[in-house]
Amino acid sequence: MNRYHNFSAGPAALPLPVLESACNEFIDHGHGASILETSHRSPEFTEVLAHANESLRALASIPDTHDILWLQGGASMQFAMVPLNFLKPGTVGTYVMTGTWSDKAIAEANFVGDTHVAASTKEAGYNEIPDSSTWDIPENSAYVHTTSNNTIFGTQFQSFPKDVGAPIVCDMSSDILCRPTDFGAFDLVYAGAQKNLGPSGVTLVIVRKSWLEEVNSSIPKFLRYSTHSEKGSTYNTPPVYPIYLVGKVLNWLKSEGGLEAMHERNKVKAARIYDLIDGNPSFFKGHAVKNSRSLMNVTFNLPTEDLEKQFVAEAKEESLVGVKGHRSVGGIRASIYNAVPSESVEALAQFMEHFIQKNG
Ligand SMILES: *Cc1c(COP(=O)(O)O)cnc(C)c1O
């Protein structure tokens, strides 16, 4: 086995014990077949699904007021489903603009109805999270849409406003379960699994049950949250293997001490890289404003593009893979999700120290 240090933004690193356990059960899950070739109506898969639901509810303290759904189509499908379900004539979809994914979310909502920008940090290159005291929220907002972690720019909400006067929706695709979160304070949270939760192919939705009563019943049945809620995520064939793997990631999170412990570990990991950036301001330039820095995606620039290219190439030679910034912004991005071990972060930090000694 020769696994590299994986800093990919997504699909991203999975915990090794999860891969090993899945590998052991791949051909025979214990009932004479792989879970991949087992009916989603079977007792075996029913158990896998119940386990994912129960583990998530316990681990993340999701209150009974909220339902857990496992859907497909990625977070991108949620950009469309949120307005299709809840953005009705006479209301506006209000968006807090903090990056490329917010841009894509509002663009989908614009196909459905009226939208409004509550706040935006686009002018400054999406380098910070706008203070919630500055958000402009119209009274007829159907919801306020936020993006907790901006995967491309490396910014993250440090806290959320308690009451915005409208249902609050949050795209948590790239930081869900990175820290304890009061899920009961949100009306709908969604997350494509492939960053911090599991493999690609499944999207988690946590939705307030009482809001489901307001779902637009004139849209196709498949697109309604209420359909998937009523059928316990088995209205049609769910992505059985991704759900099974997410269940294993949840077991792993629990065995590692849960979300408090994960948060502590994530803070230490991120600080190792941010401290190096701050300690060498003439060489490394962090993209995010300090009070908006992400624990999950650390973004920075080097003095020249040539040095950035050299950095990415030499990192790869050292088995540090996936540190090139997103194609839309360039620079360097290290994605250090829950499953990225401290040893990988330490290896990257030492590489950065050597790189600056040689080139600084
Ligand atoms: C990756 C990402 C998306 C897009 O996810 P898909 O599953 O590819 O649709 C949306 N929002 C955020 C914050 C992301 O990081």
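Source: prediction; values computed, not measured.

Quick notes on the packing of aromatic side chains
As enumerated under the stated definition, the model contains 19 aromatic pairs in all. With a centroid separation of 6.2 Å and 50° between ring planes, the pair formed by F283 and F355 is classed as tilted. One end of the pair, F283, is in the loop between α8 (258-279) and β11 (285-286); the other, F355, is in helix α10 (residues 342-359), and 72 residues separate them in sequence. A single burial state applies to F283 and to F355, both of which are buried. A ring pair is formed by F311 and F355, whose centres lie 5.1 Å apart and whose planes are at 75°; its orientation type is edge-to-face. On the criterion of sequence distance, the pair formed by F311 in helix α9 (residues 305-317) and F355 in helix α10 is long-range, its members being 44 residues apart. Of the residues examined, F355 reaches a relative accessible area of 1% and is grouped as buried. An aromatic cluster of at least three residues, connected via ring pairs, comprises F283, F284, F300, F311, F351 and F355.

A look at the site of the ligand
What surrounds the ligand is a group of 13 residues, the closest being S76, T151, D171, Q194 and K195. A distance of 3.2 Å separates an oxygen atom of the ligand from a polar atom in the backbone of A75. Per-element tally for the shell around the ligand: the top contributor is helix α3 (residues 74-86), with four residues. Across the shell around the ligand, the residue classes tally to three nonpolar, eight polar and two charged.

What to know about the domain arrangement of the protein
In terms of domains, the protein is made up of domain 1 (17-255) and domain 2 (258-359). For domain 1 versus domain 2, the distance between C-alpha centres works out to 27 Å. Each partner contributes residues to the interface: domain 1 has 27 residues there, and domain 2 has 26 residues. Taken together, the two surfaces of domain 1 and domain 2 that pack against each other cover about 2200 Å², and 56% of this comes from carbon and sulfur. The three residues of domain 1 that bury the most area against domain 2 are I152, C178 and P180, which together make up 22% of that side's buried surface. For the pair domain 1 and domain 2, the interface holds zero salt bridges. Across the domain 1-domain 2 interface, the total number found is 15 residue pairs in polar contact (both at pLDDT 80 or more). Contributing elements (two or more residues each) for the side of domain 1 that touches domain 2: β7 (155-156) and α7 (240-255). When residues in the side of domain 1 that touches domain 2 are grouped by element, the largest group, three residues, is from α7. Partitioned by chemical class, the residues of the side of domain 1 that touches domain 2 number 12 nonpolar, 10 polar and five charged.

About the criteria used
Residues numbered from 1 in each chain as written. Predicted model: local features only at pLDDT ≥ 70, side-chain atom pairs only at ≥ 80, totals over all residues. Heavy atoms only, no water. Phe/Tyr/Trp six-rings, centres within 6.5 Å; stacked < 30°, edge-to-face > 60°. Helix = DSSP H or I, 4+ residues; strand = E, 2+ residues; numbered from the N terminus. Buried < 20%, exposed > 50% of the residue type's maximum accessible area, 1.4 Å probe, protein only. Near = heavy atom within 4 Å. Polar contact = N/O pair within 3.5 Å; in protein donor to acceptor, adjacent residues only side chain to side chain. Nonpolar A, V, L, I, M, F, W, Y, C, P; charged D, E, K, R; others polar. Domains from an automatic or database assignment. Contact = heavy atoms within 4.5 Å. Buried area = accessible area lost by both parts, 1.4 Å probe. Salt bridge = Lys/Arg side-chain N within 4 Å of Asp/Glu carboxyl O.

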